[in-house]
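What follows is the residue order along each chain.
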Amino acid sequence: MIWVSWRQHRGQAIGCLALLAALAVYAVIESTSMRTAFSHDGLAACLARSQGTACPAGVTAFMNEFSSAVNIAFWSVALIVPGLIGVLVGAPLIARELEFGTWRLAWSQTVPRSRWLAVKLALVTGGLIVLGAAMTAVITWYRAPMDQLTGHFQHNSYDFEGLVLTAYILCAFGFAVLAGLLIRRSVPAMIAAFVPWLAIRLIVEFVFRDHFLAPLTAKINCTHGCGMGIGFVPQATGRIGDLVVNINGNIVSYQPADRFWTFQFIEAGIFVALAAAALGATIWLLHRRATWTT
Amino acid sequence: MTQHDADASVPALRTDRLGRRYGKVWGLRDCTLEVPAGAVAALVGPNGAGKTTLLEMIIGLLEPTEGQVSVFGETSRADTAEALARVGYVAQDHPLYRDFTVADMFHLGRAMNPSWDQELAEARVDTLGIPLQRKVKRLSGGQQAQVSLTMALAKRAPLLVLDEPVSSLDPVARLEFMRDVMASAADATLTFLISSHVVSELERFCDWLIVLSHGHVQLAGSADDLLDAHRLLTVPRATPDAELPGTAIHRADSDRHSTVLVRAGADQLAAQGHAGWQADPVSFEQLVMAYLQRQAPATDNDPPPAAARPGPSTKAVTR
C-alpha cells in the first residue's frame, strides 16, 4: 500500500518539491539583499541598544526598501497558497477514483477500503507536514532581518512562521478529501473545499486571533496620539513585537510578544482540529457508505 | 484453494435471500442462487436489472441490506480482507490507472494481494504481446481488458467475477477475450461468474445460467438442464395455455399459430402432445428472452408474483 500511495501521489510530491525550490530561490535572492542592507545600516546594533528608537532614519529607509516587497505582495500570494496546496492534493485523493471508476479496482483488491484510505491519509498528511515545515523554515529564515524590526505578531510574519502555515495546509487538505468523497469530482471538490477554508482562515485571523487570550492593558501617555512608532514598534508599549489590539483614551490593550508561541498553538490547534474532523468524517463515510454509482 | 475442489458439494457461490435497497427502491431483492464450483456461469439481464448490485455484493464492495453471500461455504462480510481475497473482479469498462505502466499495475496487484502470482501475470501479458513498460492509456481497449483479466487471475482467487467484460470491445476483441477466459476456465479450480446484457455473447461459453430482471432471479440452473426442460411449441392459435403441457413461459400469437415456450419435461410433452403440434428445442437466447419478457413484478418493492418466483430455478440449483 505504501508503494501504491507513493506511485499515485508522486506527481504531486514532485510538484510540491518544485514549489518549495522556487520559494527557496526567491527567498535566497531577496533575503541576501535584505541582509546586506540590514548589516550595512548597522540596524542590529541599534535594535539591541534601543528597540530601534535611536536610529529612526535607518529603520525607515530599510522598511521603505523592503516592506512592500516582503509584506503586501507576499502576504496576498501566500495567503492562498497553503489552501491551494491542500485542495490540489486532497480533492483527487478519493474523487479521482470515483470519477474514473478506478474505485472498483482499488477497493476490490485484498485491502479493505478503510485500510486503503488510512494508509493514504497517513502518508500524504506526513508529506504535507514535511512540506509545511520546510516552507515555514524557508520563510522564517528569509524574513529574519525584517522580523527583528517588526516582531512576529504582524500578519505577514505570524501567518507563515511557527505552526500555523502547516495547519492551514492540513485543514484545506482535510476539507478537500471530504469534498471529493461527497462531490465525486476533483475540480468542483477543490472549489467546494477552498471557499470555506479561505472564509475560516480570514475570520480566524481578523476576528478571533486578537482575542485568543485576554489582552493585557497598560496606561499610557501619548502626547501626539498613540499609534505605531518607528517601524512596527508600538509607541504605547515601546517593545518590538507587541501587538496593539485597541486603544481607548489612554488605556491600550495589547498582546505581548512573548505570547507568540501560545497563539501559534491555539490557532494551529483550531485548524488541525478542523482537518481531523473532516478526515474523521471521510473515514466514517467511506466505511459506511454503500453505494458509489450514479 | 485446493481444499475447495476436494468437496465438490460446496458451491463456489451461494446467495441467500440477498437484497439491497437504495433509499426506498430495492436494487435487488430476495435473490437466492447457487453457482457450483468449476462452473462458468452467465448472469444475464437487461440494464438496470440489478446485475452490478448483485456482483458488488458478491465481491464485497457493497454491504447487503438483507441476506448474505457465501463463497466456497464461507460467509462474506463486505469490505473485509477475507471476503475480498476470495473473489477476483474485472469491473465494467475494466478500470485501470491510465498513467500507470502495465508493470506498475502488476506492482499494485502484488502490493495489495498477499497471494499475487507475478509469474502468471507476466507470462500472460507476454503471451498476449502487451509490453510491460507501456502505459495503460496507450493500450487498446482489448488490451486494457486483458490487463484487467490478468490482474484478476493473478490475484489467485477461486471465484472470478466479470461484469460486462466485453461490452466495450469490438467484435474481434470480444471473441479473443472470451476465448482467453475459456482457456483460464479450463483450469477446473476456477469458477467464473460473467454478467452481460447480450445473451449471444455468452451462449457458447457458459454452462450455468442465471436470468435476472427487475431485481429478481427469473431463472437459474445448469444450461443443459434448462435447455432440456424447455420446448418451443407451435400450436393452433386458439389453444389456451391450460391445455398445453407444463408451464407456458412466453407466447407469441400469429395469424394461425401460436408459438409458446413451455417448461415441460419429455414425459409431459409425450402425454399431452397432439397431432399437428410441433415441439422444437429452444436456443439459449430464446430461453433467456422468454423469461425476460415474462410479466414483471408490479413494483420493485413487492415480492414477485408466484408465477415469476424462482420456483423452477430453486429446483434446478438444489438438484
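Rules used throughout
Residues numbered from 1 in each chain as written. Chains lettered and ligands numbered in written order. Predicted model: local features only at pLDDT ≥ 70, side-chain atom pairs only at ≥ 80, totals over all residues. Helix = DSSP H or I, 4+ residues; strand = E, 2+ residues; numbered from the N terminus. Buried ≥ 20, exposed ≤ 12 C-beta atoms within 10 Å, placed from the backbone. Contact = placed C-beta atoms within 7 Å. Pairing = 2+ DSSP bridges. Bend = angle between axes of the 7 residues up to and from the residue. Core = buried A, V, L, I, M, F, W, Y, C linked by C-beta atoms within 7 Å. Domains from an automatic or database assignment. Nonpolar A, V, L, I, M, F, W, Y, C, P; charged D, E, K, R; others polar. Axes fitted to C-alpha atoms, helices over the stretch in contact; angles between N-to-C directions. Parallel < 35°, antiparallel > 145°, perpendicular 65-115°, else oblique. Left-handed = near helix turned anticlockwise from the far one by under 90°.

Draft legend 1. Spotlight on the overall build of chain B. Of regular secondary structure, chain B possesses 12 helices and 14 strands. Expressed as a percentage of the 319 residues in chain B, the buried residues total 48%. Counting only contacts in chain B whose residues sit at least 6 apart along the sequence, the fraction spanning at least 24 positions is 70%.

Draft legend 2. Up close: the sheet that holds strand β4 (residues 66-71) of chain B. What the four strands build is an open sheet, ordered β2-β1-β4-β5 (chain B); its pairing is antiparallel. Of all strands in the sheet, those with a lone pairing partner are β2 (25-35) and β5 (74-75) of chain B, marking the two edges.

Draft legend 3. Spotlight on helix α1 (residues 2-40) of chain A. Residue and element names in this part refer to chain A. Histidine 9 marks where α1 bends most, by close to 55 degrees. By the burial criterion, the buried members of α1 are Val4, Gln8, Cys16, Ser31, Met34 and Phe38. In the stretch just after α1, glycine 42 is the one whose phi turns positive, near 65 degrees.

Draft legend 4. Region of interest: the nonpolar core. Core analysis: the biggest nonpolar cluster contains 150 residues, and Ala172(A), Ala176(A), Ala193(A), Ala41(B), Leu209(B) and Ile210(B) have the highest contact counts within it. When residues of this core are assigned to their parent elements, the largest contribution, 16 residues, is made by helix α7 (residues 164-183) of chain A. For this core, the domains that each give at least three residues are domain 1 (2-224) and domain 2 (229-302) of chain B. Ranked by size, the runner-up nonpolar core spans 10 residues in total, among them Leu47(A), Phe66(A), Met146(A) and Ile240(A).

Draft legend 5. Structural view of the domain arrangement of chain B. All names here are of chain B. Under the domain assignment used here, chain B contains domain 1 (2-224) and domain 2 (229-302). On a C-alpha basis, the centroid separation for the pair domain 1 and domain 2 is 33 Å. At the interface, 15 residues of domain 1 touch 10 residues of domain 2. Broken down by secondary-structure element, the contributors of at least two residues to the side of domain 1 that touches domain 2 are β2, α8 (199-203), β9 (208-213) and β10 (216-222). The class makeup of the residues in the side of domain 1 that touches domain 2 is eight nonpolar, six polar and one charged.

Draft legend 6. Molecular detail of the interface of chain A and chain B. If you look at the interface, chain A gives 18 residues, while chain B gives 23 residues. When residues of the side of chain A that touches chain B are traced back to their parent elements, those giving at least two are α1 and α4 (103-106) of chain A. Considering every element that reaches the side of chain A that touches chain B, the biggest residue donor is α1(A), with three residues. Among the residues forming the side of chain A that touches chain B, the class breakdown is nine nonpolar, six polar and three charged.

Draft legend 7. Seen up close, the packing of α7(A) against helix α8 (residues 186-208) of chain A. Residues and elements named next belong to chain A. Closest axis-to-axis distance for the α7/α8 pair is 8 Å, and the angle between their directions is 140 degrees. Classified by the interaxial angle, the pair formed by α7 and α8 is oblique. When you trace α7 past α8, the crossing you get is right-handed. Between α7, through Tyr168, Cys171, Ala172, Phe175, Ala176, Ala179, Gly180 and Ile183, and α8, the contact on the second element is made entirely by Ser186, Pro188, Ala189, Met190, Ala192, Ala193, Phe194, Pro196, Trp197 and Arg201.

Draft legend 8. Inspection of the pairing of strand β12 (residues 247-253) of chain B at higher detail. Residues and elements named next belong to chain B. Pairing analysis gives six bridges linking β12 to strand β13 (residues 257-263), with the strands arranged antiparallel. By the bridge assignment for β13, alanine 252 is matched with threonine 259. The hairpin formed by β12 and β13 contains three residues between the paired strands.

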